Amino acid sequence: MPITISLINLKGGVGKTTLTVALAEFMTLEHGLKVLVIDLDPQTNATVSLMNEHEWKKQNIKGQTIVQLFRDYLYDMRIFSPGEAIVHSVSNIGGGIENLDLLPSSLDLIDIQDELIKIPSRGIFSRRPIGILGETLCEEINCYDIVLVDCPPNLGLITQNGLMLSQYYLIPVIPDVLSTYGIPQIVTRINRLKAETGVQVEPLGLVINNYRIKNSLHPNQVRLLQLDAERTGYNRVFSTIIPQNARAANAMDYSLTVKSLREKYDNGGPYKRYQQLTEEVLSIVIP
Ligand SMILES: Nc1ncnc2c1ncn2[C@@H]1O[C@H](COP(=O)(O)OP(=O)(O)OP(=O)(O)O)[C@@H](O)[C@H]1O
Ligand SMILES: [Mg+2]
């Protein structure tokens, strides 16, 4: 059984996708782990930063992206095949990283989310179809050490499917007032999801991203988040902080061909921080 971690935040643009991709690449290249990235976001950001857009579009037309997995459930079809949909050796590093695979997302996922919601349910979470992803992938994911799930910025049914599959959730956060405001709500809502369903996910902690040294409010906000970890229930703030750095953003451009992690993330840029964060995360999930 792999260790599965969902990267989640109700707030958009905090670094879920950037961190998913970086953690996946560091886990494979520096720790020799076999990693699967599942892109659950209809924005498809993780997908297009890990694979060729043209290939992905062809796969989407053939029904071999995540949207078809849910369509099959809704309309009683049998088109999606995990073996065909999972793309092997993805990333722009060295023309693709052996042992890094991707289950691509689709722009059409947004419509499926609306369809799934129409299925009648009792209570907020109970009796909703949240085990579809896990049931469909259960055999295929067994060959991985780590599965990272890049979630959209909501706690809708697609995200709930990701959480159902996960042992942990990790919350990337920008340390400013508006970005941290909704954190208690994430923990509370996930606790409620757990109470009402079979979800057994545990908080792994907060990762501070986009930290600005020159912003005097950021250190203070980090201290508050550290003090609040136990009371709010997100467990910890990772001691590795990812600073704001243009390289973190530029690295997501798949069209750039690079040879190594150091080249992609720049030794003087976020490279060392991602390296440290990966070690910190792995020391907890694989003690
Ligand atoms: N450490 C960083 N320094 C500078 N820019 C960053 C950093 N991390 C992420 N970014 C940029 O910030 C933006 C948001 O990041 P990202 O897409 O990873 O967030 P997200 O939480 O996945 O967003 P969404 O909720 O829309 O999926 C992107 O343009 C990304 O390139
Ligand atoms: Mg994203």
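Here is a short report on the structure shown in this document. Not measured: the values here are computed from a predicted model.

**Some remarks on the site of ligand 1**
Working step 1: As a matter of local geometry, ligand 1 sits amid 18 residues, with Gly13, Lys16, Thr17, Thr18 and Asn245 nearest to it.
Working step 2: Contact between ligand 1 and Asp41: an oxygen atom at 3.2 Å from a side-chain N or O atom of the residue.
Working step 3: The fraction of the free accessible surface of ligand 1 (630 Å²) that becomes covered by protein chains is 80%.
Working step 4: When contributions to the shell around ligand 1 are tallied by element, the ones reaching two or more residues are α1 (16–31) and α12 (246–250).
Working step 5: In terms of residue count, α1 provides more of the shell around ligand 1 than any other element does, 3 residues in total.
Working step 6: For the shell around ligand 1, the residue count by class is 6 nonpolar, 10 polar and 2 charged.

**A closer look at the nonpolar core**
Working step 1: Counting 48 residues, the largest nonpolar core has Ile38, Ile66, Phe70, Leu163, Tyr169 and Tyr234 as the members making the most contacts within it.
Working step 2: Sorting elements by how many residues they give to this core places helix α10 (residues 183–196) first, with 5 residues.
Working step 3: Apart from the residues within four sequence positions on either side, Ile66 is in contact with Ile38, Asp39, Leu40, Phe80, Leu103, Pro104, Ser105, Ser106, Leu109 and Leu133.
Working step 4: Counting residues in each nonpolar core, the second largest holds 42 residues, with Val21, Leu23, Val35 and Leu282 among its members.

**Here we look at helix α8 (residues 157–165)**
Working step 1: Among the 9 residues that make up α8, 8 are buried, leaving the element largely enclosed by the rest of the structure.
Working step 2: Of all the positions in α8, only Leu157, Ile158, Thr159, Gln160, Asn161, Gly162, Leu163 and Leu165 are classed as buried.

**A closer look at the side chain of Ser166**
Working step 1: As for its position among the elements, Ser166 is in the loop between α8 and β5 (168–173).
Working step 2: Reaching out from Ser166, the side chain makes a polar contact with the side chain of Ser6 at a distance of 2.8 Å.
Working step 3: A distance of 2.7 Å separates the side chain of Ser166 from the backbone oxygen of Gly162, its partner in a polar contact.
Working step 4: Beyond its immediate chain neighbours, meaning those up to four positions away, Ser166 contacts Thr4, Ile5, Ser6, Val149, Gln200 and Val201.

**A closer look at the state of the cysteines**
Among covalent bonds in proteins, the disulfide is the one between the sulfur atoms of two cysteines.
Working step 1: Scanning the model with the defined rule gives 0 disulfides in all.
Working step 2: The cysteine Cys151 is free of any disulfide, with Cys138 supplying the nearest cysteine sulfur at 19 Å.

**Describing the pairing of strand β6 (residues 202–208)**
Working step 1: Burial runs high along β6: 6 of the 7 residues are buried.
Working step 2: Sheet topology places β5 next to β6; 6 bridges connect them, and they run parallel. Paired with Pro172 across the strands is Val207, a residue of β6.

**Digging into the layout of surface pockets**
Working step 1: Taken as a whole, the largest pocket encloses approximately 250 Å³ of empty space.
Working step 2: Taken together, 14 residues form the lining of the largest pocket, with Met1, Gly134, Met164, Leu165 and Ser166 sitting closest to its centre.
Working step 3: Residues belonging to the lining of the largest pocket are distributed by class as follows: 7 nonpolar, 7 polar and no charged.
Working step 4: Of the volumes computed, that of the second largest pocket is approximately 200 Å³.
Working step 5: Looking at the lining of the second largest pocket, the elements with two or more residues in it are α1 and α2 (45–50).
Working step 6: Taken together, the residues that form the lining of the second largest pocket break down as 5 nonpolar, 8 polar and 3 charged.

**Quick look at the packing of aromatic side chains**
Working step 1: Under the defined criterion, the tally for this structure stands at 4 aromatic pairs.
Working step 2: Aromatic side chains Phe26 and Tyr271 sit 5.5 Å apart centroid to centroid with 45 degrees between the ring planes, which places their arrangement in the tilted category. Here the residue Phe26 occupies a position in helix α1, and Tyr271 occupies one in helix α14 (residues 271–285), the gap between them amounting to 245 residues. Each of the two residues, Phe26 as well as Tyr271, counts as buried.
Working step 3: Ring-pair connections join several aromatic residues into one group, and the members of that group are Phe26, Tyr265, Tyr271 and Tyr274.
Working step 4: Taking the ring centre of Phe238 as reference, the NZ or CZ of Arg236 above it sits at 5.9 Å.

Conventions we followed
- As a convention, each chain's residues are numbered from 1 in the sequence order in which they are written.
- Chain letters and ligand numbers both follow the written order, the letters beginning at A and the numbers at 1.
- Note on the predicted model: pLDDT of at least 70 is required for a residue's local features to be given, and 80 or more for side-chain atom pairs to be given and counted; whole-chain, interface and lining totals, by contrast, use all residues.
- Water and hydrogen atoms play no part in the side-chain values, which are based on all heavy atoms of the structure.
- If a single non-hydrogen atom of a residue is within 4 Å of a molecule or strand, that residue counts as near it.
- Think of a polar contact as two N or O atoms within 3.5 Å of one another; within protein, one of them needs to be a possible hydrogen donor and the other a possible acceptor, and neighboring residues in sequence only count if both atoms come from side chains.
- For the accessible areas, the method is Shrake-Rupley and the probe is 1.4 Å, while residue cover comes only from the protein chains on display.
- Secondary structure is summarised from DSSP: a helix means a run of H or I of at least four residues, a strand means a run of E of at least two, and numbering begins at the N terminus for each.
- Note on residue classes: Ala, Val, Leu, Ile, Met, Phe, Trp, Tyr, Cys and Pro are nonpolar, Asp, Glu, Lys and Arg are charged, and everything else, Gly too, is polar.
- Residues grouped as a nonpolar core are buried Ala, Val, Leu, Ile, Met, Phe, Trp, Tyr and Cys residues, joined through side-chain atoms within 4.5 Å.
- Relative accessibility thresholds used throughout: buried, under 20% of the residue-type maximum; exposed, over 50%; partly exposed, between the two (1.4 Å probe, protein chains only).
- Contacts: residue pairs with any heavy atoms within 4.5 Å of one another.
- We call a pair of cysteine sulfur atoms a disulfide when they lie within 2.5 Å.
- Pairing between two strands is assigned when DSSP locates at least 2 bridges connecting them.
- Only protein atoms enter the calculation, which uses a 1 Å grid: trapped sets of points that fit a 1.4 Å probe without letting it out are cavities, open sets showing protein on both sides within 12 Å along at least five of seven lines are pockets, and any residue with an atom within 4 Å of a point is a lining residue.
- Grid points are joined across faces, edges and corners, and a volume is the space filled by probe spheres set on the points.
- When the centres of two rings from Phe, Tyr and Trp lie within 6.5 Å, Trp using its six-membered ring, the rings pair. Their planes under 30 degrees apart give stacked, over 60 give edge-to-face, and anything left gives tilted.
- Here, over-ring charges are defined by two tests on the NZ atom of lysine or the CZ atom of arginine: distance to the ring centre within 6 Å, and angle to the ring normal within 35 degrees.

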